[in-house]
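Summary of structural features
Single-letter residue listing:
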Amino acid sequence: MGEKIGRFHCFYVKIRGFSTKETEEILERNSEVWNLCKRSGHIGGTQSAPATIVQPLKGCAGKVTSACGPKIHEFVFDNSGILSEKCCEQLLNAGRECHDSDTNSILSEGEFSKEEREETLARHSEVWNLCKRSGHIGGTQPVPTPTVQPLKGCAGKVISACGPKVYAFVFDKSGVLSEKCCELLLNAGRQCHDSETNSILSEGEFSAEEKKEIMKRHNQVWNLCKKNGHIDIENTVF
């Protein structure tokens, strides 16, 4: 089919009556439209060629705990301003390469404007520099060591762009999860999902009522992903 279209494309130019100069210009545009379509899949408009997903560096997953990872994500992508001494320590110990890799991977997974990318990368550098200089950002209360360790083999099953969204749904009552994030959550398995939530609960001081609400949302995110394949505001009830 592509070969037939290609032949017709050349034939269309040949059969029309044009001057030598017009023919040269038309043939030049003829080649240009072919090459642009072949390279980008479109010409003009707002549609863009699919972005290449940047995979996080191997060995980085799990270096920052499930309690600190979302806080770093919130600082870089949501302009939230608090990071404990423990979280800063984990970020710095993970290394600048892992920090760069995680941010670049998330940027490659979403649609960000040029301005948003510049702001994100500025905060990306800022969180690193503030942690290196001060050892914390905002409050100084360190995160207690978890008494329940996450299951081995679970780290990295939910990518760096989706982990904070699952966390936000369960712990912060945020109500949006994409099909991709739901798929990653379900593929990680119920045991990993339970392990991550129980580990975070063991790191902080939660009242009995808070734990009950968190476990309700913990079950809800799993069930909604399994039922609908995604979660948006309309199908979320807190």
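Residues numbered from 1 in each chain as written. Predicted model: local features only at pLDDT ≥ 70, side-chain atom pairs only at ≥ 80, totals over all residues. Heavy atoms only, no water.

To continue, consider the packing of aromatic side chains. Inspection of every chain in the model, using the stated rule, returns 2 aromatic pairs. Their ring planes at 50° and their centres at 6.0 Å tell us that F77 and F112 sit as a pair that is tilted. Placement of the pair is F77 in helix α3 (residues 69-78) and F112 in the loop between α5 (96-109) and α6 (114-134), with a sequence separation of 35 residues. Residue class for F77 comes out buried when judged on its relative accessible area of 15%. On the accessibility criterion, F112 (26% relative accessible area) is partly exposed. Residues Y167 and F171 carry aromatic rings whose centres are separated by 5.0 Å and whose planes lie at 20° to one another, so their mutual orientation is stacked. Here Y167 pairs with F171, and both are found in helix α7 (residues 163-172), just 4 residues apart, close to one helical turn. Take Y167: its relative accessible area is 13%, and that puts it in the buried class. (Phe/Tyr/Trp six-rings, centres within 6.5 Å; stacked < 30°, edge-to-face > 60°. Helix = DSSP H or I, 4+ residues; strand = E, 2+ residues; numbered from the N terminus. Buried < 20%, exposed > 50% of the residue type's maximum accessible area, 1.4 Å probe, protein only.)

In this structure the tally under the stated criterion is 6 disulfides. For C68, the disulfide goes to C87, at an S-S distance of 2.1 Å. The chirality of the disulfide connecting C68 with C87 is left-handed, given an S-S dihedral of about -80°. Taken together, the positions of C68 in the loop between α2 (20-40) and α3 and C87 in helix α4 (residues 85-94) put the pair 19 residues apart, joining distant regions of the chain. In this pair, the class of C68 matches that of C87, namely buried. (Disulfide = S-S within 2.5 Å.)

This paragraph deals with the pattern of salt bridges. Going through the model one piece at a time under the given rule, you end up with 2 salt bridges. Measuring nitrogen to oxygen at the nearest pair gives 2.8 Å for the salt bridge that ties D100 to R96. Taken as a pair, D100 and R96 lie in helix α5 at a separation of 4 residues, close to a single helical turn. When the shortest N-O distance is used, the salt bridge between D194 and R190 registers 2.8 Å. Taken as a pair, D194 and R190 lie in helix α9 (residues 190-203) at a separation of 4 residues, close to a single helical turn. In this structure R190 comes out as partly exposed when scored by relative accessible area, which is 29%. (Salt bridge = Lys/Arg side-chain N within 4 Å of Asp/Glu carboxyl O.)

Turning our eyes to something else, we now look at the side chain of T103. Counting through the fold element by element, T103 comes out in helix α5. By relative accessible area, T103 is classed as buried at 4%. Side chain to side chain, T103 and H124 meet in a polar contact 2.7 Å long. Aside from chain neighbours lying at most four places away, what touches T103 is V76, F77, T120, L121 and H124. (Polar contact = N/O pair within 3.5 Å; in protein donor to acceptor, adjacent residues only side chain to side chain. Contact = heavy atoms within 4.5 Å.)

Detailed reading of the predicted model is not advised wherever pLDDT is low. Averaged over every residue, the pLDDT of the protein is 76; the share at 70 or more is 71%. In this model residues 1-15 is a low-confidence stretch, pLDDT under 50, and it forms 8 contacts with partners more than four residues away in sequence or in other chains. Low pLDDT, under 50, characterises residues 140-146; the predicted model gives this stretch 13 contacts beyond four residues in sequence or across chains. (pLDDT = per-residue confidence, 0-100.)

We now examine the packing of α7 against α9. The interhelical angle for the contact between α7 and α9, taken along N-to-C directions, is 55°, at an axis separation of 12 Å. Taken together, the axis directions place α7 and α9 in an arrangement best described as oblique. When the axes of α7 and α9 are compared, the crossing they make is right-handed. For the pair formed by α7 and α9, the contact residues are V166, Y167, V170 and F171 on the first element and H193, T197, I200 and L201 on the second. Here the contact of α7 with α9 is composed, by residue class, of 6 nonpolar, 2 polar and no charged. (Axes fitted to C-alpha atoms, helices over the stretch in contact; angles between N-to-C directions. Parallel < 35°, antiparallel > 145°, perpendicular 65-115°, else oblique. Left-handed = near helix turned anticlockwise from the far one by under 90°. Nonpolar A, V, L, I, M, F, W, Y, C, P; charged D, E, K, R; others polar.)

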